[in-house]
Amino acid sequence: MKVLVVNCGSSSVKYQLLDLETSACLASGLASRVAVNGGAASQLQHRPAGRAEYLFTAPMSDHEVALGYILEALVNAEHGVVQSLQEIDAIGHRVLHGGDAFAEPVLISGVVEAAIERFSELGPLHNPANLLGIRACKHRLPGVPQVAVFDTAFHQTLAPADYTYGLPLELCEEYKIRRYGFHGTSHRYVSREAAKFLQANRGLAPENLRLLTCHLGNGSSVDAIHGGKAVRTSMGFTPLAGLVMGTRCGDIDPAVIPFLINHLHLSAQELDDLMNKQSGLLGISGISSDMRDIHQAAAAGNARAQLAQDMFCVRLKEYIGAYATAMNGLDALVFTAGIGENDPIIRAQTMHGMEFLGLHLDPAKNEDASLRGRPADISTEDSPARILVIPTNEELMIARDTASLTAH
């Protein structure tokens, strides 16, 4: 079964075509600068498996035009990977916000589209773009079943005491203000892969497993997962909450917001941009939102870069400690995503002093570059709790969800 996975941003379309019989990615790519200045500078990067990347520049005035070029690339005689679009059996869409209405992936219908549009108020950048992608696929590939996989769905298992904010309850209920959590597809995927790994290598039963999954990248979040269900998550009403991230501030005292408005005379949008796009590693270091640049500058003696690196790890350690307490201990901690999978410096600094939780890092395993790209245990042999590195694969998770709902 071949599934096209589509992830539409406000000015981009990411995609992968996967063959689920082999779990192989046949092609992936990105259409960028879609609908920016009429699409005058749009570009398609198409990467067929085992062959050279294909770059194509053409005006892409909207997401449907971009999708048309993507589909054309998939069947092109030179860099295509299928003979016909009829080989695409289903389409899976990453949708950011499902509010409190969706706890599972769903077949897309008119009712689902209306709900995605309704929750656009909670995901104003992503949900409208996700909807454009859904409607473009419906027009370009009529009759092909489509599935929505929501970033927020995995966290619908949180208890009311865990997701409710300390505002007047009537306001929370009327305006649906609550902790939703994000990166749900990634946390779900790596927690399942970690459970398989631990059962095969340590004989641990998945139904009782207490996991902490750390999705660390430009956007970062931590989940506490007990018996396969999320019981805590660090992101909140929006992806701004929680850890210090690439350009997001993470948790701050809410009183800072009116303070800045009063002193800097910022509009709501300007303050939102400040907290989401100018803060985090970028705002603290004054150099970059990329942890690799932060490391390089810190090693050269840049105090602001060192502070940014230290803050990232301090906040992460705080969540690990709190979430281990919430589950009355833990069996394994999982690092994933760009920083989590590829940055031994952050892993080592975060794990320093965490032995009281039973987390004992093996320095040699942590530094072993050959472990990258596959599940690995980087804890000492006698560590009471395991420290794992599990590569995430949200697209494969979305494809599997899509197949489970559409396979005949």
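Residues numbered from 1 in each chain as written. Predicted model: local features only at pLDDT ≥ 70, side-chain atom pairs only at ≥ 80, totals over all residues. Heavy atoms only, no water.

What to know about the environment of Val147
Tracing the backbone shows Val147 in strand 8 (residues 146-150). Distance in space between the C-alpha atoms of Val147 and Thr402 is 5.6 Å, their sequence separation being 255 residues. When sequence neighbours within four positions are dropped, the list of residues in contact with Val147 reads Ile91, Gly92, His93, Pro105, Val106, Leu107, Ile108, Thr402, Leu405 and Thr406. (Helix = DSSP H or I, 4+ residues; strand = E, 2+ residues; numbered from the N terminus. Contact = heavy atoms within 4.5 Å.)

Re unusual backbone geometry
A positive phi is found at Lys176, a non-glycine position, where the angle reads about 55°. Relative to the elements of secondary structure, Lys176 occurs in the loop between helix 5 (169-175) and helix 6 (184-202). One non-glycine residue with positive phi stands out, namely Asn328, at about 60°. By the secondary structure assignment, Asn328 is in the loop between helix 11 (303-326) and strand 12 (332-336). Overall, the relative accessible area of 67% leaves Asn328 in the exposed class. (Buried < 20%, exposed > 50% of the residue type's maximum accessible area, 1.4 Å probe, protein only.)

Some details on the sheet that holds strand 6 (residues 90-95)
The 8 strands are arranged 5-4-3-2-1-6-8-7 in an open sheet whose pairing can be described as mixed. Each edge of the open sheet carries a strand with a single partner, namely strand 5 (54-57) and strand 7 (106-107). Here strand 1 (residues 2-9) pairs with strand 6 via 4 bridges, running parallel. Within the sheet, the bridge partner assigned to Leu4 lies in strand 6 and is Ile91. Contacts from helix 15 (residues 394-406) reach strand 1, strand 2 (12-19), strand 6, strand 7 and strand 8 within the one sheet, and its direction differs from that of strand 6 by about 125°. (Pairing = 2+ DSSP bridges. Axes fitted to C-alpha atoms, helices over the stretch in contact; angles between N-to-C directions.)

Here we look at the packing of aromatic side chains
As enumerated under the stated definition, the model contains 5 aromatic pairs in all. When the centroid spacing of 5.0 Å and the interplanar angle of 55° are considered together, the rings of Phe56 and Tyr69 count as tilted. With Phe56 in strand 5 and Tyr69 in helix 1 (residues 63-75), this pair connects stretches of sequence that are 13 residues apart. Ring geometry for Phe102 versus Phe150: centroids 4.4 Å apart, planes at 10°, classification stacked. With a gap of 48 residues between them, Phe102 in the loop between strand 6 and strand 7 and Phe150 in strand 8 connect regions that are remote in the sequence. Neither residue differs from the other here; Phe102 and Phe150 are each classed as buried. Following the ring pairs from residue to residue traces out a cluster consisting of Tyr54, Phe56 and Tyr69. (Phe/Tyr/Trp six-rings, centres within 6.5 Å; stacked < 30°, edge-to-face > 60°.)

With respect to the pattern of salt bridges
The full count for this structure, using the stated rule, is 17 salt bridges. A salt bridge links Arg140 to Glu64; the nearest nitrogen and oxygen atoms lie 3.7 Å apart. Here Arg140 is found in helix 3 (residues 127-140), whereas its partner Glu64 is found in helix 1, with 76 residues between them in sequence. Take Arg140: its relative accessible area is 37%, and that puts it in the partly exposed class. For Arg135, the salt bridge is made with Glu117, and the minimal N-O distance between the two is 3.7 Å. Placement of the pair is Arg135 in helix 3 and Glu117 in helix 2 (residues 110-118), with a sequence separation of 18 residues. A relative accessible area of 38% places Arg135 in the partly exposed class. Among the ionic contacts, a cluster of salt bridges with common partners joins Glu113, Glu117, Arg135 and Lys138. (Salt bridge = Lys/Arg side-chain N within 4 Å of Asp/Glu carboxyl O.)

The quantities given are spatial measurements derived from coordinates; they are silent on function.
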